[in-house]
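# Descriptive structure summary
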Amino acid sequence: MTVETPVRSSPLDGWQNTFDRLPESLAIREVPFLTQLSLRVEPGSPATRAVEEALGIALPGPSRADMSGEVKALWLGPDEWLLVAPPDQGHDLVTRLRAAFGDAFATVTDVSAQRTTLALSGHLTREVLARGCAIDLDPRVTPVGSCLTTLLAQAGVTLVVRGVAASSAWLLVRSSFAGYLASWLVDACTEYRGDV
């Protein structure tokens, strides 16, 4: 008897060819299968310090993200962060974090299958995002490292500003909305086709 291993496909499997036909001034690519952990812990508590020591980072404050290390931390709420790491690290990270905070009040849950990530870059990034998002992406308001949960074209996203003047960004979107958001982004770019 032969046991077949299921083929893992991302929510935007097959979209890269479409993304590759967009203007050079806006590059879009999916960053699939990232490990994503929901962390709930009281800020300033011993559990928080244990988590920070285990990860080697400081959990960012409101509306901020720490994107510097292998494990990235995105602030989602007063006591909630999304930890993002390379694929297939969920089990090891959950085990390490649970051991770090022990019996202290904190939770960590693997939510990797819940969202996918779109990486946008190029000088049209800010303009295209502004077409469907009420967030002011002026660098004086949303500098590099800003992390905001918002709506983009009526789809809930977590938007992380990664480049100066929002020249690059991550959009974390629920898997069920990924195709819709990809279609909207492609449509929003059509008037820029041929722009260099």
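Rules used throughout
Along each chain, residues carry numbers from 1 onward, in the same order as the chain's sequence is written. This being a predicted model, a pLDDT of at least 70 is required before a residue's local features are given, and a value of 80 or more before pairs of side-chain atoms are given or counted; all residues contribute to the totals for chains, interfaces and linings. Side-chain descriptors were evaluated using all non-hydrogen atoms of the structure, hydrogens and water having been removed beforehand. The nonpolar core is taken to be a set of buried Ala, Val, Leu, Ile, Met, Phe, Trp, Tyr and Cys residues, with the residues joined through side-chain atoms within 4.5 Å. Three labels apply to residues, based on accessible area from a 1.4 Å probe with only protein chains included: buried if under 20% of the type maximum, exposed if over 50%, partly exposed otherwise in between. To qualify as a helix, a DSSP run of H or I must reach at least 4 residues; to qualify as a strand, a run of E must reach at least 2; elements of each kind are numbered from the N terminus. Contacts are assigned to residue pairs that have any heavy atoms within 4.5 Å of one another. For this quantity, the arc is that covered by the directions from the helix axis to the C-beta atoms. Each pair of strands is called paired provided DSSP finds at least two bridges between the two strands. Inter-axis angles, ranging from 0 to 180 degrees, are taken between N-to-C directions of lines fitted to C-alpha atoms, where helices are fitted over the stretch in contact. Aromatic contacts are taken between Phe, Tyr and Trp rings whose centres are within 6.5 Å, Trp giving its six-membered ring; a plane angle under 30 degrees counts as stacked, one over 60 as edge-to-face, and the others as tilted. The criterion is that NZ of a Lys, or CZ of an Arg, lies within 6 Å of the ring centre and within 35 degrees of the ring normal, and then a charge sits over that ring. Only one rule defines a salt bridge in this text: a Lys or Arg side-chain nitrogen within 4 Å of an Asp or Glu carboxyl oxygen.

## Regarding the nonpolar core
Leu 118, Val 128, Leu 171, Leu 181 and Leu 185 are the most contacted members of the largest nonpolar core, which has 31 residues in total. Counting residues per element, this core draws most heavily on helix α5 (residues 175–189), at 8 residues. Non-local contacts of Val 128, meaning those with residues more than four positions away in its chain, are made with Leu 26, Trp 184, Leu 185, Ala 188, Cys 189 and Tyr 192. One finds Leu 59, Leu 83, Val 94 and Val 108 within the second-largest nonpolar core, a separate group that totals 20 residues.

## Section: helix α2 (residues 46–55)
Among the residues of α2, those classed as buried are Ala 47, Thr 48, Ala 50, Val 51 and Leu 55. For α2, the angular spread of buried residues about the axis comes to 160°, placing them on one side. α2 presents Pro 46 and Glu 53 as exposed residues on the side facing more than 90 degrees away from its buried surface. Elements that come into contact with the buried residues of α2 comprise β2 (35–41), β5 (80–85), α3 (90–101) and β6 (106–110). Phi for Gly 56, located one or two positions after α2, is positive at around 75°.

## Here's the deal with the pairing of strand β7 (residues 115–121)
With 6 of 7 residues buried, β7 is to be regarded as a mostly interior element. In this sheet, β7 lies alongside strand β1 (residues 27–31) in antiparallel orientation, the contact comprising 5 bridges. Residue pairing across strands places Ala 27 opposite Ser 121, the latter belonging to β7. Pairing between β7 and strand β10 (residues 168–174): 7 bridges, direction antiparallel. When the bridges of β10 are listed, Leu 118 appears paired with Leu 171.

## Quick notes on the sheet that holds β10
Pairing between the strands of a sheet comes from backbone hydrogen bonds, and it takes one of two forms, parallel or antiparallel. Strands sit in the order β1-β7-β10-β9-β8 across an open sheet of 5 strands; the sheet is antiparallel. Across the chains shown, the open sheet's two edge strands, defined by having one partner strand only, are β1 and β8 (147–152). For this sheet, the mean inter-axis angle between neighbouring strands, taken without regard to orientation, is 30°. Sheet analysis places strand β9 (residues 155–161) next to β10, joined by 5 bridges and oriented antiparallel. Looking across to β10, one finds that Val 160 is bridged to Trp 170. Strand contacts of α5: β1, β7, β8, β9 and β10, with the helix running at about 135° to β10, the strand carrying the most contacts.

## Quick look at the packing of aromatic side chains
A full pass over the atoms with the stated rule returns 1 aromatic pair. If you follow Arg 8 out to its NZ or CZ, it ends over the ring of Phe 33, 4.1 Å from the centre. The cationic tip of Arg 162 hangs over the ring face of Trp 170; the distance from NZ or CZ to the ring centre is 4.7 Å.

## Looking at the pattern of salt bridges
Overall, the coordinates contain 4 salt bridges when judged by the stated rule. A salt bridge links Asp 88 to Arg 8, with the shortest nitrogen-to-oxygen separation between them at 3.1 Å. Of this pair, Asp 88 sits in the loop between β5 and α3 while Arg 8 sits in the segment before α1 (16–20), and the two are 80 residues apart along the sequence. Residue Asp 88 is classed as exposed on the basis of its relative accessible area, which comes to 60%.

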